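Observations on the model geometry
If you want the building blocks of each chain, they are given just below.
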Amino acid sequence: VKIYNTLKHKKVSFKPMAEGQVKMYTCGPTVYYFAHIGNMRSYVVADLLKRVFIYNGYKVKHIMNLTDVGHLVSDANLGEDKMRLTAHSENKSLREIADEYSELFIKDMKRLNLIMPETMPRPSEHITEILNLIEILEKKGYLYTVETGVYYDTSKFKRYGQLMNLNFEELNKYLIGGIRIERPAGTKNTTDFAVWRFVKPEEKDMVWNTKYGRGFPGWHIECSAMSMKYLGEHFDIHTGGIDHLPIHHTNEIAQSESATGKRFVNYWVHNEFLQVDGKKMSKSLRNVYTLQDLIEKGYKINSYKYLVLSAHYRTQLNFTFESLKNAENTLNGIYSFVEKLSLHGVNKENNPNPKFATLVSRIKVQFIKSINDDMNTPLALAKLHLLISKTNKKLDKLSKADTELVLEALVDFDRILGLGFSEYLKQDIPKEVEMLILEREQLRKERKFSEADKIRSILKNEHNIEIEDTEGGSIWHKA
Ligand SMILES: [Zn+2]
């Protein structure tokens, strides 16, 4: 498996720390609001990477956090805690907000057919681990206290900025110029960040009394403490959106490596942004969509997933409703092909064609090669479509044995894509129904629509089979 490692700024071959095993951490959502389709791209990509490793025979231990405290409005040091802000405005407790949005997020993960992480830890339940890490950093002299909290002195970490390929001064300049303009009073460097924040006396919710003061942890220290708890001080892969690069992941590395004195993570994997109509999503542009919005507009969740997979994860993806519609048509075409092929050749002699078998296995090798080459899903999907078009061209000459090879290949590809192809495999239906479906398809080809409609009614009324004619072809299912 080859993967682009942000830490090395190039594509490299993956070597696990322990033979056959991958330990992987993903920065999960801050559960103060709905995750939008841009956020969800990161989780689809993390799931894809996990599936690639599983496909290649690795055992994957995957941890994803749910941030329920400590993430401020700005990823840097300014503004209020996002969770606290929502809790105040909705007049709820932080716990209620966190529970509500965690549940919605997990529902979206399931709807996207993502393989659930082994554990989804929350910082509010890991305060002991976070404080232990702070104590180590304090003893090693990395911390100082100002009016608003306990800060990490980034000038003390030699490799600060390595993920951005910038040195300490360059990264400071980058942040002053780009991301943050002010910094909290008393802090020494623009890049310094709070590991523990103090709160006003009236704050009661998710506040802890500690020897460092009354308050709550910083966002970055949470991911370091929780990833190291579940995966060890040094592990294989850390994933997240590219927006985490300059601050969040840079700071995770600094505090983890200065605490343990060893390398924190071997491979850093980052996905690019998703834009809507060529623009960054924002509330003021009213172009922020959730998966639920897409469902309410009549789209299948898998169409969004197919759209995400059709772009390489390291390129920006421009989401438009037109591109979503195209993705849906293409995906329906695949589903309809799977259904059609499941019925193919039932009445013919079953003589396998060795030449065709060679073709199928050659395309299969190309698909896997693309996937293993830094998750090149656009190329892999092109191979999938090549298999479909080659099969369609030869369909009249193919036996059941031949088409079964194609179906096996598609179901195998779906172990990586996770688009639910096998749900469209039709095996256990009566012969009579099979014949009716095939007959209707032929009639539609001949544009004899009223006769085709008659068969549709028979299928529905007598056999409980519903047919949906999409631009990608007809799809049928038990009503
Ligand atoms: Zn994180």
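Anything mentioned here points back to the structure above.
This report concerns the structure included in the present document. (Residues numbered from 1 in each chain as written. Predicted model: local features only at pLDDT ≥ 70, side-chain atom pairs only at ≥ 80, totals over all residues. Heavy atoms only, no water.)

**A closer look at the overall build of the protein**
If you tally the helices and strands in the protein, you get 15 helices and 15 strands. Along the first, second and third principal axes, the C-alpha set of the protein runs to 80 × 50 × 35 Å. Among the 479 residues that make up the protein, the fraction classed as buried is 54%. When the accessible surface of the protein is totalled, it reaches about 21600 Å², and 49% of it is carbon and sulfur. The positive charge centre, built from 69 side chains, and the negative charge centre, built from 62, are 5 Å apart in the protein. (Helix = DSSP H or I, 4+ residues; strand = E, 2+ residues; numbered from the N terminus. Buried < 20%, exposed > 50% of the residue type's maximum accessible area, 1.4 Å probe, protein only. Areas by Shrake-Rupley, 256 points an atom, 1.4 Å probe, with all protein chains shown as cover. Lys, Arg positive; Asp, Glu negative; His and termini not counted. Charge placed at Lys NZ, Arg CZ, Asp CG, Glu CD.)

**Topic: the pairing of strand S11 (residues 265-271)**
Within S11, 7 of the 7 residues are buried, leaving the element largely enclosed by the surrounding structure. Here strand S10 (residues 235-241) runs beside S11; their pairing, made up of 6 bridges, is parallel. From the neighbouring strand, Gly240 faces S11, where its bridge partner is His270. Considered for its hand, the β-α-β crossover made up of S10, helix H7 (residues 245-260) and S11 is right-handed. (Pairing = 2+ DSSP bridges. Right-handed = clockwise from strand over helix to strand, strands pointing away.)

**Topic: the coordination of the zinc ion**
Looking at the zinc ion, the protein donor atoms are Cys27 (SG), Cys223 (SG) and His248 (NE2), and they sit 2.0 to 2.1 Å from it. Sequence spacing of the donor residues for the zinc ion, all on one chain, is C-x195-C-x24-H. With Cys27 in the loop between strand S3 (21-26) and helix H1 (37-55) and Cys223 in helix H6 (residues 219-231), this residue pair connects regions lying 196 residues apart in the sequence. Accessibility classification places Cys27 together with Cys223 in one group, the buried group. (Donors = N, O, S within 2.8 Å, 3.2 Å for Na, K, Ca; no water.)

**Examining the sheet that holds strand S5 (residues 143-146)**
Strand pairing in a sheet is mediated by backbone hydrogen bonds. Such pairs are either parallel or antiparallel. Strands sit in the order S5-S6-S7-S9-S8 across an open sheet of 5 strands; the sheet is antiparallel. Two strands lie at the open edges of the sheet, namely S5 and strand S8 (208-210), each paired on one side alone. Here the average twist between neighbouring strands, direction ignored, is 40 degrees. Relative to strand S7 (residues 193-198), strand S6 (residues 149-152) runs antiparallel, the two sharing 4 bridges. Paired with Val150 across the two strands is Trp196, which belongs to S7. (Axes fitted to C-alpha atoms, helices over the stretch in contact; angles between N-to-C directions.)

**Looking at the nonpolar core**
The biggest cluster of nonpolar side chains holds 93 residues, and the ones touching the most others in it are Ile37 and Tyr304. Broken down by element, this core gets its largest block of residues, 11 residues, from H1. Formed by 38 residues, the second largest nonpolar core is a distinct cluster that contains Ile134, Tyr152, Ile221 and Ala254. (Core = buried A, V, L, I, M, F, W, Y, C linked by side-chain atoms within 4.5 Å.)

**Things to note about the packing of aromatic side chains**
Taken as a whole, this structure holds 22 aromatic pairs when the rule is applied. Residues Phe14 and Phe53 carry aromatic rings whose centres are separated by 4.7 Å and whose planes lie at 55 degrees to one another, so their mutual orientation is tilted. Taken together, the positions of Phe14 in the loop between strand S2 (10-13) and S3 and Phe53 in helix H1 put the pair 39 residues apart, joining distant regions of the chain. On the accessibility criterion, Phe14 (6% relative accessible area) is buried. Residue Phe53 is classed as buried on the basis of its relative accessible area, which comes to 0%. Relative to Tyr101, the ring of Phe34 has its centre 5.5 Å away and its plane inclined at 90 degrees; by these criteria the two rings are edge-to-face. Taken together, the residues span a long stretch of sequence, with Phe34 in the loop between S3 and H1 and Tyr101 in helix H3 (residues 94-111) at a distance of 67 residues. Look at Phe34 and you get partly exposed, because its relative accessible area is 41%. (Phe/Tyr/Trp six-rings, centres within 6.5 Å; stacked < 30°, edge-to-face > 60°.)

**Thoughts on a positive patch on the surface**
Together, Lys355, Lys393, Lys394 and Lys397 make up a positively charged patch on the protein surface. Summarising the element assignment, Lys393 is placed in helix H12 (residues 377-394). Taking the relative accessible area as the measure of exposure, Lys393 reaches 73% and is therefore exposed. (Patch = residues over 30% accessible without salt bridge, like charges linked within 9 Å, V, L, I, M, F, W, Y side chains within 5 Å. Salt bridge = Lys/Arg side-chain N within 4 Å of Asp/Glu carboxyl O.)

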